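# A structural walkthrough
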Amino acid sequence: MKPLNFILTLIISSLILTSCEQKHNLVAEIDGIENDTIFVHYGTISDFYSGKPPKLDTIYAQNGNFIYDIPSQEAYLVYFYPKSSLFTKSNGSSFFAEQNFIVTLIEPNDKINITGKLNTYFVDYKVTGSEFNQVYSTLRSSYIQKSSRGAELELKIDSIFSINNRTYSKRVMKLVKERNSFNTLNRKAELIYIKDNPKKNISAFFLTRQNQKIFEKYYSNLPFNVKNGTFKAGLDSRVERFKINKKRNNAKPKITKRKPAPNFTLNSISGKAIELNSISKKYIVLDFWGTWCPPCIKGFPKMKEYYSKYKDKIEFIGIDCNDTDKNWKEAVKKYNLPWMQLYNKKGSKNDVSVAYGINVYPTKIILDKNKIIVGVFTSESEGFYTKLDELMK
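Reference entry: report on the structure contained in this document. Owing to the predicted nature of the structure, the values given are computational and were not obtained by experimental measurement. Along each chain, residues carry numbers from 1 onward, in the same order as the chain's sequence is written. Residues qualify for local features only when their pLDDT is at least 70, as the model is predicted, and side-chain atom pairs are given and counted only at 80 or more; totals for whole chains, interfaces and linings, by contrast, use all residues. Excluding hydrogens and water, the side-chain figures rest on all heavy atoms present in the structure.

## Quick word on the overall build of the chain
Elements are defined by DSSP. Helices are runs of H or I of four residues or more, strands are runs of E of two residues or more, and each kind is numbered from the N terminus. On a plain count of helices and strands, the chain comes out with 16 helices and 17 strands. Residues are treated as being in contact if the distance between any of their heavy atoms lies within 4.5 Å. In the chain, the share of contacts with a sequence separation of at least 24, taken over all contacts with a separation of at least 6, comes to 64%. Per-residue and other accessible areas were derived by the Shrake-Rupley procedure at a 1.4 Å probe size, with only the shown protein chains allowed to occlude residues. With an accessible surface of roughly 21600 Å², the chain has 52% of that area assigned to carbon and sulfur atoms. When the 61 basic and 38 acidic side-chain charges of the chain are each reduced to a single mean position, those positions are 7 Å apart. Charge counting treats Lys and Arg as positive and Asp and Glu as negative, with His and both chain ends excluded. One atom stands in for each charge, and that atom is NZ of Lys, CZ of Arg, CG of Asp or CD of Glu.

## Details of the sheet that holds strand β12 (residues 273–275)
Pairing between strands is defined by DSSP: at least two bridges between them are needed. If you walk across this open sheet you meet the seven strands as β12-β11-β15-β14-β13-β16-β17, and the pairing is mixed. Each of the sheet's edge strands pairs with one partner strand only, and the pair in question is β12 and β17 (373–378). Between one strand axis and the next, the sheet turns through 30 degrees on average, direction left out of account. Here five bridges tie strand β14 (residues 314–321) to strand β15 (residues 340–344), and the two strands are oriented parallel to one another. Each residue of the ladder has a partner; that of D320, found in β15, is Y343. Only the stretch in contact is used when fitting a helix axis, every axis being a line fitted to C-alpha atoms; angles between N-to-C directions are given from 0 to 180 degrees. Strand contacts of helix α14 (residues 325–334): β11 (265–268), β13 (283–289), β14 and β15, with the helix running at about 165 degrees to β15, the strand carrying the most contacts.

## What to know about unusual backbone geometry
Residue P362 follows Y361 across a cis peptide bond; omega there is -5 degrees. Considering the arrangement of structural elements, one finds P362 in the loop between α15 (352–355) and β16 (363–368). A positive phi angle is found at R258, which is not glycine, with a value near 75 degrees. Here R258 lies in the loop between α11 (232–251) and β11. Per-residue accessibility, obtained with a 1.4 Å probe over protein chains only, is compared with the maximum for each type, and a residue is labelled buried under 20%, exposed over 50%, and partly exposed between these values. On the basis of relative accessibility, which here comes to 65%, the residue R258 falls in the exposed class. Positive phi values are uncommon outside glycine, yet K371 reaches one of about 65 degrees. Turning to its location among the elements, K371 is positioned in the loop between β16 and β17. On the basis of relative accessible area, K371 is assigned to the buried category, the value being 9%.

## Structural notes on the packing of aromatic side chains
Geometry of aromatic contacts follows a simple scheme: Phe, Tyr and Trp rings, the Trp one being its six-membered ring, pair when their centres are within 6.5 Å, and the pair is stacked under 30 degrees between planes, edge-to-face over 60, tilted otherwise. A full pass over the atoms with the stated rule returns 35 aromatic pairs. Pairing W289 with F300 gives two aromatic rings, centres 5.3 Å apart and planes at 80 degrees, and the pair type is edge-to-face. Here W289 is found in strand β13, whereas its partner F300 is found in helix α13 (residues 300–310), with eleven residues between them in sequence. With relative accessibility at 3%, the residue F300 sits in the buried group. On the numbers, 5.1 Å between centres and 15 degrees between planes, the contact of W328 with Y343 is stacked. Of this pair, W328 sits in helix α14 while Y343 is found in strand β15, placing the two residues 15 residues apart along the sequence. For the pair formed by W328 and Y343, the shared burial category is buried.

## Description of the state of the cysteines
As used in these notes, a disulfide is a covalent bond between sulfur atoms, one from each of two cysteines. Disulfide assignment relies on a single distance test, namely cysteine sulfur atoms paired within 2.5 Å. This model, assessed by the stated rule, comprises one disulfide. Across the disulfide, C293 is cross-linked to C296 (sulfur-sulfur distance 2.3 Å). Here C293 and C296 share a disulfide; its torsion about the S-S bond, 80 degrees, makes the bridge right-handed. One exposure class covers both C293 and C296, and it is buried. Just so you know, C321 is unpaired, no disulfide at all, and the nearest cysteine sulfur is the one on C296, 9.0 Å from it. The buried category is assigned to C321, whose relative accessible area is 0%.

## Side note on the environment of I70
Summarising the element assignment, I70 is placed in the loop between β4 (65–68) and β5 (76–82). Classification of I70 as buried rests on a relative accessible area of 11%.

## Some words on the sheet that holds strand β3 (residues 55–60)
Spatial ordering of the open sheet is given by β3-β2-β5-β8, a layout of four strands whose pairing is antiparallel. A strand with exactly one partner marks an edge of an open sheet, and here the two such strands are β3 and β8 (102–106). Averaged over neighbouring strand pairs, the angle between their axes works out to 25 degrees when direction is ignored. Judged from the seven bridges that link them, strand β2 (residues 37–44) and β5 form a sheet pairing that is antiparallel.

Now the structure itself:
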């Protein structure tokens, strides 16, 4: 071959290879999504495990294909959900079936390729281009079809609820138990992987999805490089959360009738520090609630009624938990809550919900003037209002 022809051949070959090279972090081809809208939930590893809500995006498929690029030079957990697989429950709320999410870890230099098929209750897919995604999708394929029965049962339960006025019949309870068994197949498969592969980075991710008992049993088996690898933030957050859970559980037995209530100081909506022991009314009601809690919101009208009846003798105190300052203030204004409102910042060293062992919302606690507990009432309990009437006789 002549030198000139040889050089031209190399240039043309190089151009062909360059044009075929994947240019995006992720390229997907999913049979069945056609020109569907794809909802994207994403966040950096640290944001994902810090409790921050995921960032939301929308992309569009064309003939079953879509592409995605992460927004910065960090590792992102990215969840894709086809709009056509979004279900609507009888009350009008949207139901995102876990089995219809495409779960990926995307790092800055990744070139990930996804192929799959959208079914009624699950997306079946395979991934190449990174070890994490390949292992995750392969393991997922071993249980996902069977697991999808959980999504089907969720909708069946909802249908029965809508007919029977949302009553938990024996039939519904049986279906709930069956649903839960299918919805936990992924955790069981991931636990087996953790046991067999403690040195793999993805085992740290799988372990963050396990309950406290399993986490504590297998966390020590992870080598140093895995504990301090990609999912360090996730592991550290679980370690801290489970420490708090222990404190909460240890406190709970002390929050009962005739026991002294722990003192605390929290800021009011105006920014004033309010100490429990400074309140001198005959009785005090502590209402632990959150803007994210529908039963809490639903109970406001009845609370307003009793506040109007007994505000001269009882100090009603709302304690907002697991919220942002902004959401709390907006809710107090929106629902026009007239009684004292205090903000309990999540994760603070003096978390009042931990000191009071609160794990059900709403929880209402009645104290006497000496700050001795008179009663503890979880959820929206008529017993709480009955007790107030008794005390005011």
